[in-house]
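# Understanding the architecture of this molecule
Residues per chain are reported as follows:
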Amino acid sequence: MLKILEKNTRYFHNWFDKERIVYSLELVQNLIVILLCISLFCIMLIRLTDIFLALLQPLKFQSITSDILFILILVELFRLLIIYLQEQRISVGVAVEISIVSVLREVILREVLEIPWQQILAVCAFLLVLAVLLLTRAWMAKIFNTIALENNQNIADKLTENSLEKRIPI
């Protein structure tokens, strides 16, 4: 009876193993991201055909520009999802770039002269914050790369010192 109980407990423990649960959830999440990539790709193809069909008719500059910018946003979202699949993280730089293009698309669609000045100020402030975020990200990446290079140099110096000490007996 005790062996059966131990076996059932071990089976129950294996079933609710944290690593196994996390791995399963990551698999499901990756499947969702793959489905999103496929759907984004299909939407891009549909929009491209719409653009080519619109070029056959009299040109509507605002509509075509809107569609082109929308496709660029979809491409950036696709790139964001690919980066997520490769590195299992969201790229802040790409997300900020998507936000900038989305805001500019809305401004172009509504035409600057038709937007109230309060909204234009809000858009400018938002774009300024996004620009500062991009610059901060680039600055932090530069600092982290410098620190990594210094650490690698220190390790290389220690290794050469150790190898010289082994070669030259005192």
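Here the structure is a predicted model, which means the values were calculated and not measured.

Our next topic: the nonpolar core. One broad rule of soluble globular proteins: the nonpolar side chains tend to lie buried together. Membership of the largest hydrophobic core is limited to seven residues, which are Val33, Cys37, Leu40, Met44, Leu74, Leu81 and Tyr84. Those elements that provide at least two residues to this core are helix H2 (18–56) and helix H3 (61–87). When residues in this core are grouped by element, the largest group, four residues, is from H2. The contacts of tyrosine 84, once residues within four sequence positions are left out, are Gln29, Asn30, Val33, Arg89 and Ile90. Judged by nonpolar contacts, the second largest core, of five residues, contains Ile73, Ile83, Val94 and Ile98.

Moving on: the side chain of serine 66. By secondary structure assignment, the location of serine 66 is in helix H3. A distance of 3.1 Å separates a polar atom in the side chain of serine 66 from a polar atom in the side chain of arginine 105. Setting aside its immediate chain neighbours within four residues, serine 66 contacts Arg105 and Leu109.

A few words now on the pattern of salt bridges. Inspection of the entire model under this criterion finds five salt bridges. In this structure, aspartate 67 engages arginine 47 in a salt bridge whose closest nitrogen and oxygen atoms are separated by 3.3 Å. Residue aspartate 67 is found in helix H3, and its partner arginine 47 is found in helix H2; the two are separated by 20 residues along the sequence. Linking glutamate 106 and arginine 105 is a salt bridge whose minimum nitrogen-to-oxygen distance equals 3.2 Å. Take glutamate 106: its relative accessible area is 39%, and that puts it in the partly exposed class.

Between H3 and helix H4 (residues 92–110), the least distance of the axes is 10 Å, while the angle of their chain directions is 170°. It follows that H3 is roughly antiparallel to H4 by the angle criterion. Pair H3 / H4 crosses with left-handed handedness. Together, Gln62, Thr65, Ser66, Leu69, Phe70, Ile73, Glu76, Leu77, Arg79, Leu80 and Ile83 of H3 and Val94, Ala95, Glu97, Ile98, Val101, Ser102, Arg105, Ile108, Leu109 and Arg110 of H4 make up the contact between the two elements. For the contact of H3 with H4, a count of residues per class yields 12 nonpolar, four polar and five charged.

Here we come to the side chain of serine 91. As for its placement among the helices and strands, serine 91 is situated in the loop between H3 and H4. If near-sequence neighbours (up to four positions away) are discounted, serine 91 is found in contact with Leu80 and Ile83.

The next point concerns the packing of aromatic side chains. Evaluation of the coordinates by the stated rule reveals one aromatic pair. Taking the centre distance of 6.3 Å and the plane angle of 40° together, the rings of phenylalanine 41 and phenylalanine 78 count as tilted. A residue pair is termed long-range when its members are at least 10 positions apart, and phenylalanine 41 in helix H2 and phenylalanine 78 in helix H3 qualify at 37 residues.

So, how was this worked out
- Residues numbered from 1 in each chain as written.
- Predicted model: local features only at pLDDT ≥ 70, side-chain atom pairs only at ≥ 80, totals over all residues.
- Heavy atoms only, no water.
- Core = buried A, V, L, I, M, F, W, Y, C linked by side-chain atoms within 4.5 Å.
- Buried < 20%, exposed > 50% of the residue type's maximum accessible area, 1.4 Å probe, protein only.
- Helix = DSSP H or I, 4+ residues; strand = E, 2+ residues; numbered from the N terminus.
- Contact = heavy atoms within 4.5 Å.
- Polar contact = N/O pair within 3.5 Å; in protein donor to acceptor, adjacent residues only side chain to side chain.
- Salt bridge = Lys/Arg side-chain N within 4 Å of Asp/Glu carboxyl O.
- Axes fitted to C-alpha atoms, helices over the stretch in contact; angles between N-to-C directions.
- Parallel < 35°, antiparallel > 145°, perpendicular 65-115°, else oblique.
- Left-handed = near helix turned anticlockwise from the far one by under 90°.
- Nonpolar A, V, L, I, M, F, W, Y, C, P; charged D, E, K, R; others polar.
- Phe/Tyr/Trp six-rings, centres within 6.5 Å; stacked < 30°, edge-to-face > 60°.

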